[in-house]
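Remarks on the overall topology
Residues per chain are reported as follows:
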Amino acid sequence: MHLFSLNRIFAEDMENQYIKQFPRIMEGKKIMYVHGFASSAKSGTVSRLREMLPSATIIAFDLPVDPHEAIALLHRKHEEEQPDLIIGTSMGGMYAEQLRGTDRILVNPAFQIADTMGAHGMVGKQTFLNPREDGVQEFIVTKAMVKEYRAVQEQCFSPQPGQDDLENVWGLFGDEDPLVHTYPLFMQHYRQGIWFHGEHRMNDRIFSEAVIPVIRWIDDRQNGTERPIVYIHIDALRDQRGQQRSAAMKAFRMLLESYNIFIVAPSPDYDAAYVEGVQQWVKDVVAVPAFGHLVFTNRSSLLYGDYLIDLDEESDFMSTHLQFGSDTFKTWEEIIEYFSRLGGQ
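Quick summary incoming for the structure in this document.

Parameters and conventions
Residues numbered from 1 in each chain as written. Predicted model: local features only at pLDDT ≥ 70, side-chain atom pairs only at ≥ 80, totals over all residues. Heavy atoms only, no water. Helix = DSSP H or I, 4+ residues; strand = E, 2+ residues; numbered from the N terminus. Rg over C-alpha atoms; globule rule 2.2 N^0.38 Å. Contact = heavy atoms within 4.5 Å. Areas by Shrake-Rupley, 256 points an atom, 1.4 Å probe, with all protein chains shown as cover. Phe/Tyr/Trp six-rings, centres within 6.5 Å; stacked < 30°, edge-to-face > 60°. Lys NZ or Arg CZ within 6 Å of the ring centre and 35° of its normal. Core = buried A, V, L, I, M, F, W, Y, C linked by side-chain atoms within 4.5 Å. Buried < 20%, exposed > 50% of the residue type's maximum accessible area, 1.4 Å probe, protein only. 1 Å grid on protein atoms, 1.4 Å probe; cavity = no way out; pocket = protein on both sides within 12 Å on 5 of 7 lines; lining within 4 Å. Points joined across faces, edges and corners; volume = space filled by probe spheres on them. Nonpolar A, V, L, I, M, F, W, Y, C, P; charged D, E, K, R; others polar.

Let us now look at the overall build of the protein. Scanning the protein for helices and strands turns up 13 helices and 13 strands. The C-alpha atoms of the protein give 22 Å as radius of gyration, which agrees with the globular expectation for 345 residues (20 Å, within 12%). Dimensions of the protein along its principal axes, counting C-alpha atoms only, are 70 × 55 × 40 Å. For the protein, the share of sequence-separated contacts (at least 6 apart) that also reach a separation of at least 24 residues comes to 65%. Summing over all exposed atoms, the protein offers an accessible surface of approximately 17200 Å²; the carbon and sulfur share of this is 48%.

Structure, rendered in C-alpha cells:
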C-alpha cells in the first residue's frame, strides 16, 4: 500500500476517534445553527450537530445571499423558534452576535466579513459549498453587495452588549485560522473568548474538544446542574520535563462527561514567569475545557469539591483524595477504571 494511502487512513482513524454521541447534552432543547459564507442548512456542521447531539432538535436555514435579507430572516426565525442556543460559524457568527437574548457560541466569527471578502477573493462568481433547498449552485457577489455586507457587519455590538450578554455569549477562535482574526474585537465587547487548536473550518475534533465543552457549560447553567467537582494537580497531568503523562488527556476527556474539572497549580509568592508558563501549558494541552478552571493555591484544604488527584502521599483535602503514582493509582488508566465504576457520582 502506498504511503499516501497509509497516511490518509491514519488521518481518518485519528478523526474518527472524535465521532461520538453526547445524548445527555441539550436533551429536549432546540439549537439553531447559522451557517457561513457560501454554505447552506445542509452543511457538514449541521449533520455533525444532529449526529453528536441526538437528543437536541437542530434547526438551520439557507441564508439569502443579500445580507439584509439574511439578517431579517434570522431575526424572524429567532422570534418564531425561540431556540435555547444559537451556534454561528464564520459569517454566521457575525449574524448570530446580533440575535440578542439567547445563549450563543460564535466560532471564528467573521465580524469584518466585508474586509474578508475583499482579502480572500470572495467577490465575483461564487459556488455554494453545500446543496441549497432552491437548487441554486452559483451566485455573484458584486462590489455593491460588499458595501451591503459592511452595513450589516456594522450592526454588530450595537447597542453595546449588556450584563446578560456578557454571560451568554462565547467566542471560540482557532489559533491557526488563516481567514478571520477577530479575537481582539470580540474581547473589546465580551469576556468569554477562548482559543482552540485548529483552523477556520469546523471538524469533528474541534467540535468535540472545543464546542462540546462550552455547550455542556451552557446546558448545565440552563438546567441549574451542579456536577461533582474533581481537582487535578498539574503535576499529575505532566511530568518533571513538562511532558503530558500517558493517558492523562484521555482521562481528562472522560471525566469531563460527568464532572466539573479544575486544574490546581502551586501558588508562588510572586513569579509572573511561572504563572504565565503554567497558563500557557494548560492552554496548549488542555485548551478550551481549562477556561476559567485553573486554580493557584498551596493549600488543598481550601478546595471545596468531591475529589482531588495529586502526587501527595498525605493530603488535608476534605473529601476523596486519590494519589497519582501510588500502588492503587499508579497510572491514569487505573484512575479511569476507578471513575468508570463510580458512574458519574
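With that settled, the discussion passes to unusual backbone geometry. With omega at -5°, the peptide bond leading from Ser158 into Pro159 counts as cis. Secondary-structure assignment places Pro159 in the loop between α6 (143–153) and α7 (163–168). Residues other than glycine seldom take positive phi values, yet Met26 does so here, at roughly 55°. Residue placement: Met26 occurs in the loop between α1 (3–16) and β1 (30–34). Notably, Ala247 is not glycine yet its phi reads approximately 70°, a positive angle. Mapped onto the fold, Ala247 is located in the loop between α10 (234–237) and α11 (248–256).

Following the criterion strictly, the structure yields 19 aromatic pairs and no others. Look at Tyr259 and Phe339: their rings are 5.3 Å apart centre to centre, the planes differ by 75°, and that puts the pair in the edge-to-face class. With a gap of 80 residues between them, Tyr259 in the loop between α11 and β10 (260–265) and Phe339 in helix α13 (residues 332–342) connect regions that are remote in the sequence. Each residue in the set Phe111, Phe157, Phe173, Tyr183, Phe186, Tyr190 and Trp195 is aromatic and connected to the rest through ring pairs, giving one cluster. Cation over ring: Arg238 sits above Trp281, and NZ or CZ is 5.4 Å from the ring centre.

So, on to the nonpolar core. One finds Met32, Phe37, Met94, Tyr95, Met117 and Tyr149 to be the most contacted residues of the largest nonpolar core, which totals 40 residues. For this core, the secondary-structure elements that each account for two or more residues are β1, α3 (67–81), α4 (91–97), α5 (113–119), β6 (138–141), α6 and β7 (169–174). Residues within four places of Tyr149 in sequence aside, it is in contact with Val65, Pro67, Met91, Tyr95, Ile113, Ala114 and Met117. Core analysis: the second largest hydrophobic core is formed by 32 residues, Ile87, Val107, Trp217 and Val288 among them.

In this section: empty space enclosed by the protein. In the structure shown here, the tally under the stated rule is 1 cavity of 30 Å³ or more. Considered as a void within the structure, the largest cavity measures approximately 60 Å³ in volume. Lining of the largest cavity is provided by His35, Phe37, Ala38, Leu63, Pro64, Val65, Met91, Phe128, Arg132, Phe139 and Tyr149. Residues that form the lining of the largest cavity fall into these classes: 9 nonpolar, 1 polar and 1 charged.

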